[in-house]
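Summary of structural features
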Amino acid sequence: MKRYDRLIFVSNSDTAMGPMAEAILQSKFLLEELSITSKGMVVLFPEPINPKAEAVLVSNGLTMKGHMSDPLVAEDFNSRTLVLSMSRALMQKVEKEFEEAKESRLHVLNEFVGVEKEVTNPYGGSLADYGQCFMELQALITKLVVQLNEEELLC
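Figured I'd write up the structure that's included with this text. (Residues numbered from 1 in each chain as written. Predicted model: local features only at pLDDT ≥ 70, side-chain atom pairs only at ≥ 80, totals over all residues. Heavy atoms only, no water.)

**A few points about the pattern of salt bridges**
For the structure on display, the rule yields seven salt bridges. A salt bridge links E151 to R3; its shortest N-O distance comes to 3.4 Å. With a gap of 148 residues between them, E151 in helix α5 (residues 127-154) and R3 in the segment before β1 (6-11) connect regions that are remote in the sequence. What makes E151 buried here is its relative accessible area of 14%. Linking E111 and R88 is a salt bridge whose minimum nitrogen-to-oxygen distance equals 2.7 Å. Remark: R88 occurs in helix α3 (residues 88-97) and E111 occurs in helix α4 (residues 109-112); sequence separation between them is 23 residues. The exposure class of R88 is partly exposed, given its relative accessible area of 33%. Through salt bridges with shared partners, one network takes in R6, K39, D70 and D76. (Salt bridge = Lys/Arg side-chain N within 4 Å of Asp/Glu carboxyl O. Helix = DSSP H or I, 4+ residues; strand = E, 2+ residues; numbered from the N terminus. Buried < 20%, exposed > 50% of the residue type's maximum accessible area, 1.4 Å probe, protein only.)

**What to know about a nonpolar patch on the surface**
Nonpolar side chains collect at one region of the surface, where F29, L31, L153 and L154 lie side by side and expose about 500 Å² of accessible area between them. One can find L31 in the loop between α1 (17-26) and β2 (35-40). (Patch = residues over 30% accessible without salt bridge, like charges linked within 9 Å, V, L, I, M, F, W, Y side chains within 5 Å. Areas by Shrake-Rupley, 256 points an atom, 1.4 Å probe, with all protein chains shown as cover.)

Have a look at this one:
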């Protein structure tokens, strides 16, 4: 039986890290179908993906060109949804703002896959900083894919 139906990557604005993580995971093979999306904690109005994040994705054969930022809402939390934040501080902000998050499957991405170092936020940085963020996300998501597929085999 499937453990999760949906996975949400949570970042601050849903214009760089979250969409990059979403694109990377969507490009991977999962044993079970999983709805994958990204959401932001500070989304006042829909915005497209950051041009530097999109340039890095394109240079790696991916794209999120049509992506528009979307706010995280209370209805996003349930027992069949895995919510992965990009940092511990962001996870704490989610827990503070959403009562529903306390009883959900909310984790920090790097901790969920057993890695100590959080993803470096490229906000305000150079194209190279966005490239470094992509590489860090790719490594974490490769571990995530293995973990999700192993969990499906054991269910």
